[in-house]
Amino acid sequence: MAEHEHVRVAVVGSGFGGLGAAVRLRREGVTDFVVLERADSVGGTWRDNSYPGCACDVPSHLYSFSFAPHPDWPRTFSGQEHIRAYLEHVTDVFGLRPHIRLNSEVKRMTWDGEKLRWDIETASGRLSADLVVSATGPLSDPKIPDIPGLDSFPGKVFHSARWDHDYDLRGKRVAMVGTGASAIQIVPAIQPLARNVTLFQRTPPWVMPRMDRAISGAERWLHRQLPFTAQVRRGLLWGIRELQVQAFTKRPNELGAVEQLAKRNLARAIKDPALRAKLTPDYRIGCKRILLSSTYYPALAQPNVDVVGSGLSRVEGSTLVAADGTEAQVDAIVFGTGFHVTDMPIADRVVGADGRTLAEAWKGGMEALRGASAAGFPNWMSVIGPNTGLGNSSMILMIESQLNYLADFVRQLDVLGGRAALDARPAAVAAWNHRVQERMKRTVWNTGGCTSWYLDANGRNSTIWPGTTTEFRRVTRRVDLAEYEVLRPSAPASAVPDESAEAAV
């Protein structure tokens, strides 16, 4: 990277959000951009999460870009290796390699109000950009809880998103801490190999059967020869999920019927009444992420698996002690304890117009205009920002909506002409966030009686979008300049101000 390189746009991250932003920029005629990636390859969370059994819980034909359909998905729910290969394919097909800067982790980015640009320090050098698109994603930085005594554990310790493939679990006593989307895939995968698996379960999840199957050669041939058939398939998958949204957002009591299906799924696999009781949630289904698996419960019923109905409290040598006093001797600890979602580390590295970091600005909770723009951080946009997450559909739909917003943001800067920046007005951000939070009050994520990673430290849901993907696409179709302050470079005191140098309001 050149020592003083300047680009029009710097995209941070090369997962679905970052690569999608890069493709959209090229489609808008913007070629002066870079994609800054901290790792040595693209893929984001689908590069980092390579644990045994890793797969997506959204159907393949819905978990892909609409502008880059893939007729050859091998399964209805694709595995990590296939999704990562798809992202590599997108990178090549759309000619993104020359724009990508690998091993270029962003250390600091600071807004220069005089030059109206972002000064960026990375692991591979410095550069500046007129516009920054932050696509680091909420599932990028693993979270390991602060467990007393963990540092003294003599065995192997790693997070599911940093799987140690050199460590052989065969014949080992393994502790799985957590019962989220990763854990329910890992446990069935390692259970046949390990001598014993001890699952530390703080809260049992609701688990529905995973209707996964191989996609036949005939189906793939049909999708290749008649692309509209894949579009129809995608449309049906999308439509079903759109119809489900009302129950999650407005009528959580209607989810009771779904709970009964989940309970029957549990009863079919778990015959032991004590274990079944331990695995039965006491909150409304949907409050936490609904998990899909047809192998999780059968694995838990195996004689070499122990379920501890309590979270891990402390570590004493090789002994793990749960909050209820249960002890387990283990050789390895695998943490499936999620990510820094509501306290994203990138926020500590972004310094805005008033000298505050984004983390400081978000001390009371993350909030951004239409999930994209934070007040005081001009020409800075997030992809998968605050309140853009989903509880029942594909995040690719939300990403593409935010890319529409990005495209119009770029167009508006072009229309303004000259040196210009857009800074979200605090009142507009507050009004947007107020509307979102008011709607959130009656959703299952706020009323379902659980504590989830959707909620921040203040108990506020700053993660989920309380509506349909159709509605989100509508509200992010255009940038409303009334919601932004237009910034211009400051004119020297001796200069005669002209129309182009004045700050537009």
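The structure presented is a predicted model; accordingly, all values stated were derived computationally and were not measured.

S.K.: Explanation requested: the pattern of salt bridges in the structure shown.
M.R.: Opposite charge on two side chains permits them to pair, given that their charged atoms come into close proximity. Applying the stated rule across the entire model yields 34 salt bridges. Among the ionic pairs, Asp 164 bridges to Lys 156, the shortest N-O distance being 2.7 Å. Overlapping salt bridges bring together Arg 24, Glu 28, Asp 408 and Arg 411 as one network.

S.K.: Would you mind going over a nonpolar patch on the surface with me for this structure?
M.R.: Where nonpolar side chains cluster on the molecular surface, the patch consists of Trp 221, Leu 222, Leu 226, Phe 228, Val 232 and Leu 236 and spans about 590 Å² of accessible area. Counting residues per element, the ones that place at least two in the nonpolar patch are helix 5 (217–225) and helix 6 (227–249). At 3 residues, the largest contribution of residues to the nonpolar patch is made by helix 6. Examined against the element boundaries, Val 232 turns out to sit in helix 6.

S.K.: Please explain the environment of Ala 372 as it appears in this structure.
M.R.: In this structure, Ala 372 sits in the loop between helix 10 (358–361) and strand 18 (380–382). Sequence separation between Ala 372 and Ala 55 is 317 residues; the distance between their C-alpha atoms is 28 Å. Sequence-distant contacts of Ala 372, defined by excluding residues within four places in its chain, comprise Trp 380, Met 381, Ser 382, Gln 402 and Tyr 405.

S.K.: Just to check I follow, could you spell out the confidence of the model for the protein for this structure?
M.R.: With 96% of its residues at a pLDDT of 70 or more, the protein shows a mean pLDDT of 94. Between residues 492–505, whose pLDDT stays under 50, and residues either more than four places distant or in other chains, the model counts 11 contacts.

S.K.: So what exactly am I meant to see when it comes to the packing of aromatic side chains here?
M.R.: Note on aromatic pairs: each is described by the distance of the centres and the angle between the planes. Inspection of every chain in the model, using the stated rule, returns 15 aromatic pairs. For the pair Trp 465 and Phe 472, a centre-to-centre distance of 5.1 Å together with 65° between the ring planes defines the contact as edge-to-face. Accessibility classification places Trp 465 together with Phe 472 in one group, the buried group. Of the aromatic side chains, those joined through ring pairs into one cluster are Phe 16, Trp 46, Tyr 63, Phe 65, Phe 67, Trp 73, Tyr 86 and Phe 94. Of note, Lys 172 hangs over the ring of Tyr 167, and the distance from its end group to the ring centre comes to 5.2 Å. It is Arg 439 that lies over the ring of Trp 465; its NZ or CZ is 5.5 Å from the centre.

What counts and how
What you see as residue numbers is a count from 1 along each chain, following the sequence as written. Thresholds applied to this predicted model are a pLDDT of at least 70 for local features of residues and 80 or more for the giving and counting of side-chain atom pairs; totals over whole chains, interfaces and linings are not thresholded and use all residues. Derived side-chain values reflect all non-hydrogen atoms in the structure, with water molecules and hydrogen atoms excluded from consideration. Salt bridges are defined as contacts in which a side-chain nitrogen from Lys or Arg sits within 4 Å of a carboxyl oxygen from Asp or Glu. Only residues whose relative accessible area exceeds 30% and that form no salt bridge enter a patch; like-charged residues are grouped when within 9 Å of one another, and nonpolar side chains (Val, Leu, Ile, Met, Phe, Trp, Tyr) when within 5 Å. Throughout, the Shrake-Rupley method with a 1.4 Å probe supplies accessible areas, and for residues the shown protein chains are the sole cover considered. Per the convention used, a helix needs a DSSP run of H or I reaching at least four residues, while a strand needs a run of E reaching at least two, with both numbered from the N terminus. By definition, residues are in contact when any of their heavy atoms lie within 4.5 Å. On a scale of 0 to 100, pLDDT captures the predictor's confidence in every residue. Ring pairs are drawn from Phe, Tyr and Trp, using the six-membered ring of Trp, whenever the two centres fall within 6.5 Å, and their geometry is named by plane angle: stacked under 30 degrees, edge-to-face over 60, tilted for the rest. Each residue is assigned to one of three classes by its accessible area relative to the maximum for its type, calculated with a 1.4 Å probe on protein chains only: buried under 20%, partly exposed between the two thresholds, exposed over 50%. Criterion for a charge above a ring: Arg CZ or Lys NZ at most 6 Å from the ring centre, at most 35 degrees from the ring normal.

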